[in-house]
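Next come the chains, spelled out residue by residue.
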Amino acid sequence: MTGFKKQGAKRAMTLYVAGMLAVAVVFLIISCKNKEKAIPASPTGYDLNNPVKYKMPEDLTEISGFAFHNGKNDSVYAEQDEEGFLFNLKLGDKNANYTKFGKSGDYEDVAICREQVIMLKSDGTLFTFPFSQVRSKEAANVQKIKGELPEGEFEAICADEKTGLVYVLCKHCADEKTSKSSSGYILKLQADGTLKQTGIFVIDVKEIERLANKKRVPFRPSAMAKNTFTNEWYILSSVNKMLVVADVNWKVKNVYPLSVTIFGQPEGMAFDNQRNLYISNEGDQLSAGNILKFSYKK
């Protein structure tokens, strides 16, 4: 091969290698960008991808709801969806104490308001008893309240300490004719511990679909909590791993997809009085239930 031909072949090889490197670099950049896009966004002040995880004791493998008393995170008050017990423990404890308040049943969430514990059963039945009973083996003065909520399935409850109002969201209610909206009910906590319905609210599922860029969203609320510092409502839909944030008037502002590796089965949610967000995941035979803490950062 002549020197001229050798130089040409060498130049061609150099150009080929340079071209392959350029393609590799472009591919790497695109891959990195795609990975960045794949990381779910988070509400302002929180990083939903970096929680502190607290494993629950065996009794709370099927934790489905929890609450704090006056926002204090020194103790967690939780229930699981099979027994009529309210558990209390400190985050990180290996064992939990409990108070019996009712028979076995499908209990889904708990709220604490004005020194009353409010338990929500999946059929809309509510139970209340004095908070002073949570360290007793069995609660006294338990009241069973039926008929204040329509026929349906319920998993989400939240109480406002300042107003004494209790908010309950349908997971699926018989009076919901379409998937265009999700119904909620407002109850007033009475001085004697009973509850009376005082109003309703509606969440626009079509707006959730628009913000999530999806045609059909099976919105089935599994938990709700109020961020009292921003007056925003946080709503979980476990079935499609979604966190919805709405303003004080229930207008949907943002929708955040949740990582399936972090949120196995998100069923409970609460804020403490330091603005930290907590979300619980129900466990199974292979994994323990947990509560995830998302610390607030300015």
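Please refer to the structure higher up on the page.
Model, not experiment: these values are computed from the prediction. (Residues numbered from 1 in each chain as written. Predicted model: local features only at pLDDT ≥ 70, side-chain atom pairs only at ≥ 80, totals over all residues. Heavy atoms only, no water.)

A. Representation of unusual backbone geometry in the model. With a phi angle near 50 degrees, Lys 241 is a residue other than glycine that sits in the positive phi range. The topology assignment puts Lys 241 in the loop between strand E15 (232-237) and strand E16 (242-246). One non-glycine residue, Arg 275, adopts positive backbone phi at about 75 degrees. Looking at the secondary structure, you find Arg 275 in the loop between strand E18 (266-271) and strand E19 (277-281). (Helix = DSSP H or I, 4+ residues; strand = E, 2+ residues; numbered from the N terminus.)

B. Inspection of the side chain of Glu 108 at higher detail. Within the element layout of this structure, Glu 108 appears in strand E6 (residues 107-113). Among all residues touching Glu 108, those that are not within four sequence positions of it are Ser 64, Gly 65, Glu 79, Asp 81, Leu 120, Ser 122, Phe 154 and Glu 155. (Contact = heavy atoms within 4.5 Å.)

C. Broad picture of the sheet that holds strand E13 (residues 195-204). What the four strands build is an open sheet, ordered E10-E11-E12-E13; its pairing is antiparallel. For this open sheet the edge positions go to strand E10 (152-160) and E13, each flanked by a neighbour on one side alone. Between one strand axis and the next, the sheet turns through 25 degrees on average, direction left out of account. In this structure, E10 lies alongside strand E11 (residues 165-173), joined through eight bridges in antiparallel fashion. The partner of Phe 154 across the bridge, within E11, is Cys 170. Across the sheet, helix H2 (residues 205-212) lies against strand E12 (181-189) and E13, angled at about 40 degrees from E13, the strand it touches most. (Pairing = 2+ DSSP bridges. Axes fitted to C-alpha atoms, helices over the stretch in contact; angles between N-to-C directions.)

D. Seen up close, the pattern of salt bridges. Across all of its chains, the model carries six salt bridges by this definition. Among the ionic pairs, Glu 153 bridges to Lys 171, the shortest N-O distance being 3.7 Å. One end of the pair, Glu 153, is in strand E10; the other, Lys 171, is in strand E11, and 18 residues separate them in sequence. Classification of Glu 153 as partly exposed rests on a relative accessible area of 33%. You can call Lys 171 partly exposed: its relative accessible area is 21%. Of the charged contacts in the structure, one is a salt bridge between Arg 210 and Glu 207, with a shortest N-O distance of 2.7 Å. With a gap of three residues between them, Arg 210 and Glu 207 both fall in helix H2, about one helical turn apart. By relative accessible area, Glu 207 is classed as buried at 18%. Beyond isolated ion pairs, a larger network of salt bridges with shared partners links Glu 153, Glu 155 and Lys 171. (Salt bridge = Lys/Arg side-chain N within 4 Å of Asp/Glu carboxyl O. Buried < 20%, exposed > 50% of the residue type's maximum accessible area, 1.4 Å probe, protein only.)

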